[in-house]
Amino acid sequence: MSEKETHCSLNLLIAKAQQGRCCMRPFWDTDVKVVSRRVRQGSIVRVYRGLYAVKEYWERLDRHERLRHVIRSLGQWHEQWLFCGASAAVMHGLECSYRQLYPIHVAVDRCRRSKNQTNVRYHVLNDPDAVVVDGVHVTSVQRTLVDCAAMMPFRYALAPIDSALRQGRTTIESLLAYVDALPMLRDRERIRSVIAKGNGGSENGGESECRAVLDELGFPVHWIQVEFPCLNHHGHMP
């Protein structure tokens, strides 16, 4: 009988992790040793420090869902963590560039400020406005968008904003009012200018990024997803 069939505790750990859409975290020495051996063999992959997944299962996930698996696992591991910025945007199901997925962003108060790590960046936020998504504590959609506008370059910040507008999760007016109501917010005017350029007409994050780049080059896009009628066939679109 193979090791895969006989190591019941690890098999249960794998099944529980996949059912909860999380990564597995081995605790017992025997599990740790078997996981290390399977990593060397290539059937299990290390996806984050202390977190693992079956390679075949992991490769079926897109990059956003992989990050959600990691964040769900970290949320169980560190119950006091509040995810913000791009990490919260992905948990909310908003568009976000692959270039912004790491490091993971965590909000803390001034009393618990921690030193940044390679894969985790801590941010002191006043009034973080927390909600729970998939059992994980994250900032609200509006607070998340404000933080994305503050933390990201403009070309990347526009995608989650457009996505939230497209999904009907917020409006430009309510976002700007939210920004105005936040006390002690740095770069308030710059954040307002980024949000004001949001447009729910963008179909995806790539289109949002393209629009932002054009705007930075001095060619602001005034019309999005414009339909051009086919002159040869009335009522048809090319």
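Read on for a plain summary of the structure. Note that this is a predicted model, so its numbers are computed, not measured. For every chain, the first residue of the written sequence is number 1, and numbering continues from 1 along that sequence. Reporting in this predicted model follows two pLDDT cut-offs: at least 70 for local features of residues, and 80 or more for side-chain atom pairs to be given and counted; totals over whole chains, interfaces and linings ignore these cut-offs and use all residues. The side-chain values count all of the structure's non-hydrogen atoms but skip hydrogen atoms and water molecules.

**What about the overall build of the protein?**
Working step 1: Looking only at helices and strands, the protein features 11 helices and seven strands.
Working step 2: On the principal axes, the C-alpha backbone points of the protein span a range of 70 × 60 × 30 Å.
Working step 3: Per-residue accessibility, obtained with a 1.4 Å probe over protein chains only, is compared with the maximum for each type, and a residue is labelled buried under 20%, exposed over 50%, and partly exposed between these values. Relative to its 238 residues, the protein shows a buried fraction of 44%.
Working step 4: Long-range pairs, those at least 24 residues apart, make up 55% of the contacts in the protein between residues at least 6 apart in sequence.
Working step 5: Note on areas: Shrake-Rupley, 1.4 Å probe, and residue coverage restricted to the protein chains presented here. Just so you have it, the protein exposes about 13600 Å², and 51% of that area is on carbon and sulfur atoms.
Working step 6: Positive: Lys, Arg. Negative: Asp, Glu. His and the chain ends are not part of the count. Every charge is mapped to an atom, namely NZ of Lys, CZ of Arg, CG of Asp or CD of Glu. Of note, the protein has its 32 positive side-chain charges centred 8 Å away from the centre of its 26 negative side-chain charges. Put simply, DSSP marks the helices as runs of H or I at least four residues long and the strands as runs of E at least two long, and each gets a number from the N terminus on. Residues are treated as being in contact if the distance between any of their heavy atoms lies within 4.5 Å.

**A word on the pairing of strand β1 (residues 44–48)**
Working step 1: Two strands make a pair as long as DSSP finds a minimum of two bridges between them. Across four bridges, the pairing between β1 and strand β2 (residues 51–54) is antiparallel. Within β2, the position partnered with Arg-46 by the bridge is Tyr-52.

**As for the packing of helix α8 (residues 154–166) against helix α11 (residues 205–216)**
Helix-helix packing is described using two parameters, namely the angle between the two axes and the distance between the axes.
Working step 1: Only the stretch in contact is used when a helix axis is fitted, and all axes are lines through C-alpha atoms; the angle between N-to-C directions ranges over 0 to 180 degrees. Packing of α8 against α11 leaves a shortest axis separation of 8 Å and a crossing angle of 135°. When the axis of α8 is compared with that of α11, the two are oblique. When the axes of α8 and α11 are compared, the crossing they make is right-handed. Taken together, the residues of α11 that come into contact with α8 (itself represented by Phe-154, Arg-155, Tyr-156, Leu-158, Ala-159 and Asp-162) are Gly-205, Ser-208, Glu-209, Arg-211, Ala-212, Val-213, Asp-215 and Glu-216.
Working step 2: As a working rule, the residues Ala, Val, Leu, Ile, Met, Phe, Trp, Tyr, Cys and Pro are called nonpolar, Asp, Glu, Lys and Arg charged, and the rest polar, with Gly in that last group. Of the residues assigned to the contact of α8 with α11, the class counts are six nonpolar, two polar and six charged. Throughout, the term roughly parallel applies to angles under 35 degrees, roughly antiparallel to angles over 145, roughly perpendicular to angles from 65 to 115, and oblique to all others. Definitions for this section: a left-handed crossing has its near helix turned counterclockwise from the far helix by less than a right angle. A right-handed crossing has that turn clockwise.

**Examining the nonpolar core**
Working step 1: Only buried residues count toward a nonpolar core, which is a set of Ala, Val, Leu, Ile, Met, Phe, Trp, Tyr and Cys residues joined through side-chain atoms within 4.5 Å. In terms of nonpolar packing, the biggest core is built from 54 residues, with Val-70, Phe-83, Ile-104 and Ile-195 touching the most fellow members.
Working step 2: Looking at which element gives the most residues to this core, the answer is α8, with seven residues.
Working step 3: Aside from chain neighbours lying at most four places away, what touches Ile-104 is Tyr-48, Leu-67, Val-70, Ile-71, Leu-74, Phe-83, Ser-87, Asn-119, Val-120 and Arg-121.
Working step 4: The next biggest cluster of nonpolar side chains, apart from the first, holds nine residues, and it includes Leu-10, Leu-13, Ala-17 and Tyr-52.

**Comments concerning the pattern of salt bridges**
Working step 1: Counted as salt bridges are all cases of a side-chain nitrogen of Lys or Arg within 4 Å of a carboxyl oxygen of Asp or Glu. Considering all chains together, one arrives at 11 salt bridges under this definition.
Working step 2: The partner of Arg-72 in a salt bridge is Asp-134, and the shortest N-O contact between them spans 3.2 Å. Residue Arg-72 is located in helix α5 (residues 63–77), and its partner Asp-134 is located in the loop between β6 (130–133) and β7 (136–139); the two are separated by 62 residues in the primary sequence.
Working step 3: By relative accessible area, which is 3% here, Arg-72 ends up buried.
Working step 4: It is possible to trace a salt-bridge network through shared partners that takes in Arg-21, Glu-65, Arg-68, Arg-72 and Asp-134.

**Points about helix α7 (residues 141–151)**
Working step 1: Burial analysis of α7 places eight of its 11 residues in the buried class, the great majority of the element.
Working step 2: Of all the positions in α7, only Val-141, Arg-143, Thr-144, Leu-145, Val-146, Asp-147, Cys-148 and Ala-149 are classed as buried.
Working step 3: Where α7 is buried, its residues contact α6 (85–91), β7, α8, α9 (172–181) and α10 (188–196).

**Topic: the packing of α7 against α10**
Working step 1: Two elements in contact, α7 and α10, have axes separated by 9 Å at closest approach and are oriented at 110°. In terms of orientation, α7 lies roughly perpendicular with respect to α10. Along this stretch, α7 crosses α10, giving a crossing that reads as right-handed. Every residue of α10 that contacts α7 at Val-146, Ala-149 and Ala-150 is listed here: Arg-190, Ile-191, Val-194 and Ile-195.
Working step 2: Residue classes in the contact of α7 with α10 are distributed as six nonpolar, no polar and one charged.

**Section: the packing of aromatic side chains**
Working step 1: Pairing of aromatic side chains here covers Phe, Tyr and the six-membered ring of Trp, requires ring centres within 6.5 Å, and sorts the geometry by plane angle: under 30 degrees stacked, over 60 edge-to-face, intermediate tilted. With the rule as written, the count across this model stands at two aromatic pairs.
Working step 2: A ring pair is formed by Trp-81 and Phe-83, whose centres lie 6.0 Å apart and whose planes are at 75°; its orientation type is edge-to-face.
Working step 3: Between Trp-81 and Tyr-122, the ring centres sit 6.1 Å apart and the planes meet at 85°, which makes this aromatic pair edge-to-face. With Trp-81 in the loop between α5 and β3 (82–83) and Tyr-122 in strand β5 (residues 120–124), this residue pair connects regions lying 41 residues apart in the sequence.
Working step 4: For Tyr-122, a relative accessible area of 11% corresponds to the buried category.
Working step 5: The structure contains a cluster of three or more aromatic residues connected by ring pairs, namely Trp-81, Phe-83 and Tyr-122.

No statement about biological role is implied by the geometric values presented.
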